[in-house]
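# Fold and geometry: a report
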Amino acid sequence: MTFGELNQDAYTLSSRLTGVNEAEFINLYEKDIEIVAGRSFTEQELETGANVLILNSAYDQSGEHTPIEVGDQLHLDMTIYAPPTQTEQRGEQLYQEQISFEVIGLHDTLPTVRDLAAECGTSFGCIEERIFMPNQTLLSLYQKVKTEFPIEEKDQEEMFGQSLIQLGVKASLFVLDTAESLSIFEPQAKEAIQNTIHSLKEDDLIDEENDWMVQFKLVTSDQHYQSTAETIENISLIAKASFFGSIIAMTSILTVIILLFLRDRSKEMGLLRALGERKHRLLGQILLEVSIITILALSLSLITGQLLANQLATSIFQTAEPAAITSTSDQMITTIIDSTTIAFDGQYVFMVYLVGITTILLAIIFPMIYLLKLNPKKILMKH
Amino acid sequence: MSLLKRVWLSIIYRPIQSLLLFLFTLLLANVMAGSYTILQTTTTIKQEIKDQFGARVTVQYPAFQSSNNVSLFFF
């Protein structure tokens, strides 16, 4: 199978070549693509720089609608042309060599990134158009050009107006063992980047014109999380405010209600005290009365509260789902939210009782003080 | 009269007061339980999202993202 007459221009094709150094390379790891047939690279292929590649399953070389299969050999003509002239779009052919590659796998972009027009904006082309090969293979191609065409880069620039070949690292992915390591790694990486920029500037390799070339972008999964899960964070904040707000409201409202009820019963309290009832027994009676009623209410609220949360959660979490799925992160968040169920577990029961009973005990403090200050003589004289 | 019996009689002889206390507690406890459930669920979702993102750092190199200087031609 030969590439022959490609319907895309050569520049686009060459820029699609992407070197990788791991079997589970960055686009697989980030689930931008998946291998739909064949396999990924072996350690040996990566180390030795074997002529193997993984390309898109829908790749249509030369527009002949001939499906590419795993195990096919692709023959690529590596050609170097002289710079274009005013009359010719392409200059004289300086060098050509045919290199064969074995297709070891076919990839497909996952639905979430398939329609991502933004991804196609860079010169590296859309993810779905990328042709992956081991880094070593790409480097050996680079070396081959350098050997066959041994002209210094600056001379190439003079001849062609640009260097003939430019190999570069597009992105590096660092996978840390724990999330806690992020806070240690991030400042160190930033410092290393700053040092690199500083030394490049010292060596006059960077000036104002090409300063943009060292604007490294460092993205941690934590930053990624902050930007994608903003709505979840907001819901969490509102739920927290509502939780603590309800505790404060419950304490103050119950305090007032119990106080009012006790004031209505001041005559009964005064009589009981006049008959010789001890204060601690009266306190115990009120505490028991309030506790029995409120614990019953708390127990019922375990079920109704859960039902209420279930009803609310459906609409609340729908707002947290991304309006349109434009990335794998959006897809991931949607899947997580959709699969999350509201749990009625021991922790929930324990927390509701713990917080509820503490609140009731707090609410009963003032009524207790009121009860302790009761003077039976005054009460009986009043009534 | 035992304390427990007195407590019980006090509750049932003032049904309106007891019912009011019960309803207010139920209402506020519902808000509390509901918001706690939502808080617990968001915590689970947040943790799951964080776990899925993992502990990763990506360094992107702008020079090669917007470069249009690639001149190795393959046909």
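Details of the structure are given in the entry above.
Heads up: these notes are all about the structure in this document. Every residue gets a number counted from 1 within its own chain, in the order that chain's sequence is written. Chain letters and ligand numbers both follow the written order, the letters beginning at A and the numbers at 1. Selection of residues for local features in this predicted model requires a pLDDT of at least 70, selection of side-chain atom pairs for listing and counting requires 80 or more, and totals for whole chains, interfaces and linings are taken over all residues. Working from all heavy atoms in the structure, the side-chain values ignore hydrogens and water.

### Observations concerning the overall build of chain A
- Counting secondary structure elements, chain A contains 15 helices and 8 strands.
- Each residue gets one of three labels from its accessible area relative to the maximum for its type: buried under 20%, exposed over 50%, partly exposed in between, using a 1.4 Å probe on protein chains only. A total of 383 residues make up chain A; the buried ones form 39% of that total.
- We call two residues contacting when some pair of their heavy atoms lies within 4.5 Å. A sequence separation of at least 24 residues applies to 72% of the contacts in chain A between residues at least 6 apart.
- Summed over its atoms, the accessible surface of chain A is roughly 21,300 Å², and 55% of this surface lies on carbon and sulfur atoms. Each helix corresponds to a stretch of at least 4 residues labelled H or I by DSSP, and each strand to a stretch of at least 2 residues labelled E; elements are numbered beginning at the N terminus. Each accessible area is a Shrake-Rupley result for a 1.4 Å probe, and residues are judged covered by the shown protein chains and nothing else.

### What to know about the pattern of salt bridges
- Basic side-chain nitrogens of Lys or Arg form a salt bridge, by our definition, when they fall within 4 Å of a carboxyl oxygen of Asp or Glu. Scanning the entire structure with this criterion turns up 8 salt bridges over all chains.
- For the salt bridge of A:Arg265 with A:Glu268, the shortest nitrogen-to-oxygen distance reads 3.1 Å.
- With a relative accessible area of 7%, A:Arg265 lands in the buried category.
- Taking the relative accessible area as the measure of exposure, A:Glu268 reaches 23% and is therefore partly exposed.
- Between A:Glu268 and B:Arg14 there is a salt bridge, with the nearest N and O atoms lying 2.4 Å from each other. With one member in each of two chains, A:Glu268 in helix α10 (residues 266–274) and B:Arg14 in the loop between α1 (3–13) and α2 (15–53) form a pair that bridges those chains.
- A relative accessible area of 22% means that B:Arg14 is categorised as partly exposed.
- Through salt bridges with shared partners, a single ionic network connects A:Arg265, A:Glu268, A:Glu289 and B:Arg14.

### Re a negative patch on the surface
- Surface patches are drawn from residues lacking salt bridges whose relative accessible area is over 30%; two like charges belong together within 9 Å, two nonpolar side chains (Val, Leu, Ile, Met, Phe, Trp, Tyr) within 5 Å. Only four residue types enter the charge count, namely Lys and Arg as positive and Asp and Glu as negative; His and the chain termini do not. The atoms used to mark charge sites are NZ of Lys, CZ of Arg, CG of Asp and CD of Glu. Together, A:Glu22, A:Glu24, A:Glu43 and A:Glu47 make up a region of like negative charge exposed at the surface.
- Note on placement: A:Glu43 falls in helix α3 (residues 43–48).

### A few points about the packing of helix α9 (residues 230–264) of chain A against helix α13 (residues 346–363) of chain A
Residue and element names in this part refer to chain A.
- For helices, the axis comes from a line fit to the C-alpha atoms of the stretch in contact; other axes are also lines fit to C-alpha atoms, and the angle between any two N-to-C directions lies between 0 and 180 degrees. Closest axis-to-axis distance for the α9/α13 pair is 8 Å, and the angle between their directions is 40°. Comparing their axes, α13 and α9 come out oblique. The handedness of the crossing between α9 and α13 is right-handed. Across from Phe243, Ile247, Met250, Thr251, Leu254, Thr255 and Ile258 in α9, the residues of α13 making contact are Met351, Val355, Gly356, Thr359, Ile360, Leu362 and Ala363.
- Each residue belonging to the contact of α9 with α13 can be placed in one class, and the counts come to 10 nonpolar, 4 polar and no charged. Here the angle decides the label: under 35 degrees means roughly parallel, over 145 means roughly antiparallel, 65 to 115 means roughly perpendicular, and every other value means oblique. The hand of a helix crossing depends on one turn: near helix anticlockwise from the far one by less than a right angle means left-handed, and clockwise means right-handed. The classification used treats Ala, Val, Leu, Ile, Met, Phe, Trp, Tyr, Cys and Pro as nonpolar, Asp, Glu, Lys and Arg as charged, and all other residues, Gly among them, as polar.

### Side note on α13(A)
- Under the convention used throughout, the expected extent of a helix is 1.5 Å for every residue step, that is, one less than its residue count. Its 18 residues give α13(A) an end-to-end C-alpha distance of 25 Å, which sits within 8% of 26 Å, the value for a rise of 1.5 Å per residue.
- Buried within α13(A) we find A:Tyr348, A:Val352, A:Val355, A:Gly356, A:Thr359, A:Ile360 and A:Ala363. One face of α13(A) carries all of its buried residues, which in axial projection span an arc of 135°. In α13(A), those exposed residues whose orientation departs by more than 90 degrees from the buried face are A:Gly346 and A:Phe350.
- Looking at the buried residues of α13(A), the elements they touch are α9, α11 (279–320) and α14 (365–372) of chain A together with α2 of chain B. Throughout, the arc means the angular range of directions from the helix axis out to the C-beta atoms.

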